[in-house]
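Take a look at the letters that make up each chain.
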Amino acid sequence: MDIFNKLRNLDAYPKINEDFYSRTLSGGVITLVSSVVMLLLFISELRLYLHAVTETKLVVDTSRGETLRINFDVTFPALSCSILSLDAMDISGEQHLDVRHDIIKKRLDSHGNAIESRQDGIGAPKIEKPLQRHGGRLEHNETYCGSCYGAEVSDDDCCNSCEEVREAYRKKGWGLSNPDLIDQCKREGFLQKIKDEDGEGCNIYGFLEVNKVAGNFHFAPGKSFQQSNVHVHDLLAFQKDSFNISHKINRLAFGEYFPGIVNPLDRVQWVQQTPSGMYQYFIKVVPTVYTDVNGHTIQSNQFSVTEHFRNAEFGRPQSLPGVFFFYDLSPIKVTFTEEHVSFLHFLTSVCAIVGGIFTVSGIVDSFIYHGQKAIKKKMEIGKFS
């Protein structure tokens, strides 16, 4: 019994007989308001507990020897697919000229509707009885070997299509001024095809796999080649004075999608107002690692961008017409980690909500009760005096 008496003396919550309770209107209002606030805060805390929170960290990017995947989908409403090419190069010296693999070109009419979709480099027309390298026409039992028109690397080289002649010229650093003088191009109707597609647009999409170093990729008319260590495009073959490089970027991403990513160039559109020029995007790529609550990791990238149009002005060499994307990599990596709040943290927060509101409402109630009591007392003294 002594032990129970001692425990009874430790009671921090002494009970008061209900006969001594004094219930007030203000106390009832405060109880109702505090209960509603307590319930709202509890629901808010419960939602935080049930949903994952994302923790963000910045670390130095120490990865080496990786590649960078660039996913793109760009529409050129006034540039036909037959003259549009894609090049990629980086500061390590690696070049990918006139990229065709993993690229799809979709011809568009003047209203933006698709005409046909084909993988670039596939579907070249066949030619019959072409001119042989030695000068005669191809006979029935002969093997075709077309001339490269001076661009042969060795005596055994053959150029059997207009595309192969253009490629041989590109490797030599030569421009193809008049395709009609080339038998392969004339028989395939190279210039006629360009004229037929005049006024069409082109939707080009796919992906590039490049080294994870600074570089650029660009969409421009004509076949590119190196001339005196300068990157140039052969525009003479198209017999046009200007090119409209108006474009819409449907999608541009450096890596895989992850929840919360924002690609600032998605659905960006630009309309050319001058006859010729070069549109440039300067991109800063930030390596990003996203880990979800299940531990699944996504290696991707975010990026920021600025843009500039370089006009062809008098007294300055004409800018190469095209849309250029110059990208550089940040040395800082961002990591996003999804995680759930622990149950103990949730329990602590709930106790803090209940206890805090209970205490504050008790203080407010006490202040109002004693204030009303003091006012009544003064009013009674004033009556008697």
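In case you missed it, the structure is sitting above this.
Throughout what follows, the structure given in this document is the object of discussion. It should be emphasised that the depicted structure is a prediction, and the values quoted were computed from it without experimental measurement.

**A word on the pairing of strand β3 (residues 84–90)**
The buried fraction of β3 is high, at seven of seven residues. Covered by surrounding structure in β3 are L84, L86, A88 and D90 together with S85, D87 and M89, the residues of both alternating faces. In terms of strand pairing, β3 meets strand β4 (residues 95–96) through two bridges, oriented antiparallel. Looking at the pairing, M89 lines up with Q95 of β4. Counting the residues that bridge the hairpin from β3 to β4 gives four residues, and of these G93 lies at a positive phi of roughly 100°.

**Comments concerning the state of the cysteines**
Counted under the stated rule, the structure contains three disulfides. Between the sulfur atoms of C81 and its disulfide partner C202 the distance amounts to 2.1 Å. Taking the sign of the torsion about the S-S bond as the criterion, the disulfide between C81 and C202, at about 100°, is right-handed. Of this pair, C81 sits in the loop between β2 (67–76) and β3 while C202 sits in strand β7 (residues 201–211); the two residues are 121 residues apart in sequence, bridging distant segments of the chain.

**Remarks on the packing of aromatic side chains**
Taken as a whole and assessed by the stated rule, the structure comprises 21 aromatic pairs. An angle of 25° between the planes, with centres 5.5 Å apart, marks the rings of F258 and Y290 as stacked. In this pair, F258 sits in the loop between β11 (247–254) and β12 (268–270) while Y290 sits in strand β13 (residues 277–291), placing the two residues 32 residues apart along the sequence. Overall, the relative accessible area of 5% leaves Y290 in the buried class. Arranged with centres 6.2 Å apart and planes meeting at 45°, the rings of F343 and F346 form a pair that is tilted. Highlighted residues: F343 and F346, both in helix α6 (residues 343–384), separated by three residues, approximately one helical turn. F343 sits in the partly exposed class, given a relative accessible area of 46%.

Thresholds applied
- Residues numbered from 1 in each chain as written.
- Predicted model: local features only at pLDDT ≥ 70, side-chain atom pairs only at ≥ 80, totals over all residues.
- Heavy atoms only, no water.
- Buried < 20%, exposed > 50% of the residue type's maximum accessible area, 1.4 Å probe, protein only.
- Helix = DSSP H or I, 4+ residues; strand = E, 2+ residues; numbered from the N terminus.
- Pairing = 2+ DSSP bridges.
- Disulfide = S-S within 2.5 Å.
- Phe/Tyr/Trp six-rings, centres within 6.5 Å; stacked < 30°, edge-to-face > 60°.

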